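Chain by chain, the residues run as shown.
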Amino acid sequence: MDILNKENLHILGIFIFSIGLGLGLGGSVVRLLLSITKNPEKQKPAVKKTFVVIWVGIMIYGVGGAILFGLAYKEMLKLGIFYASLSIAISLITLEKFLLFRRFSNLKNIKD
């Protein structure tokens, strides 16, 4: 019995893809809720943590997407799944950059 057969890799890819999607979207929602607060300076520790969670989620999402695309690229292109996942990834990155540079621009050294 081969552990790394195509079916098991597909399940692993879906699992990794879903974890990345959950982390990315969850971090974005938390960051969006933090941006609504009136005093973003008090939210700096939470903002720093969501920064890491969102980017780790985006990277995991990309790895899972690459695994799935490598296994079934014809089906993904035919059904439009590739374009949907690509638009989600672009939306996550755009939202992250927009909130980081627009709303939290007054927080100096957010990565420190």
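A few points on the structure. Owing to the predicted nature of the structure, the values given are computational and were not obtained by experimental measurement.

Rules of the game
Residues numbered from 1 in each chain as written. Predicted model: local features only at pLDDT ≥ 70, side-chain atom pairs only at ≥ 80, totals over all residues. Heavy atoms only, no water. Helix = DSSP H or I, 4+ residues; strand = E, 2+ residues; numbered from the N terminus. Buried < 20%, exposed > 50% of the residue type's maximum accessible area, 1.4 Å probe, protein only. Contact = heavy atoms within 4.5 Å. Areas by Shrake-Rupley, 256 points an atom, 1.4 Å probe, with all protein chains shown as cover. Phe/Tyr/Trp six-rings, centres within 6.5 Å; stacked < 30°, edge-to-face > 60°. Expected span 1.5 Å × (residues − 1).

### Points about the overall build of the protein
No. 1: When its secondary structure is counted, the protein shows four helices and zero strands.
No. 2: Along the protein, from the amino end to the carboxyl end, the secondary structure elements read α-α-α-α.
No. 3: Going through the 112 residues of the protein one by one, you find that 29% of them count as buried.
No. 4: In the protein, once contacts between residues fewer than 6 apart in sequence are set aside, the share between residues at least 24 apart is 79%.
No. 5: Looking at the protein as shown, the accessible area adds up to about 7,400 Å², and 71% of this sits on carbon and sulfur atoms.

### A closer look at the packing of aromatic side chains
Each aromatic ring pair is characterised by the separation of its centres together with the angle its planes make.
No. 1: A full pass over the atoms with the stated rule returns four aromatic pairs.
No. 2: Each ring, one from Phe17 and one from Tyr61, has its centre 4.5 Å from the other, and the planes form 20 degrees; the classification is stacked. Here Phe17, found in helix H1 (residues 6-36), pairs with Tyr61, found in helix H2 (residues 44-71); they are 44 residues apart in sequence, far enough to count as distant. The pair formed by Phe17 and Tyr61 is uniform in burial state, with each residue classed as buried.
No. 3: Where Phe69 meets Phe82, the ring centres are 4.9 Å apart and the plane angle is 40 degrees; that geometry is what we call tilted. One end of the pair, Phe69, is in helix H2; the other, Phe82, is in helix H4 (residues 81-103), and 13 residues separate them in sequence.

### What about H1?
No. 1: The terminal C-alpha atoms of H1 lie 45 Å apart, and with 31 residues this matches the ideal 45 Å at 1.5 Å per residue to within 8%.
No. 2: Those residues of H1 that sit buried are Gly13, Phe17, Gly20, Gly24, Gly27, Ser28, Arg31, Leu34 and Ser35.

### Here we look at the environment of Gly27
No. 1: Along the chain, the position of Gly27 falls in helix H1.
No. 2: Gly27 gets classed as buried once you look at its relative accessible area, which sits at 4%.
No. 3: Put simply, Gly27 and Thr50 are 23 residues apart on the chain and 5.4 Å apart in space, counted from C-alpha to C-alpha.
No. 4: Gly27 has contacts with Thr50, Val53 and Ile54, leaving out every residue within four places of it along the chain.

### Section: the side chain of Ser85
No. 1: Inspection of the secondary structure puts Ser85 in helix H4.
No. 2: When its relative accessible area of 13% is taken as the criterion, Ser85 is described as buried.
No. 3: Among all residues touching Ser85, those that are not within four sequence positions of it are Phe17 and Tyr61.

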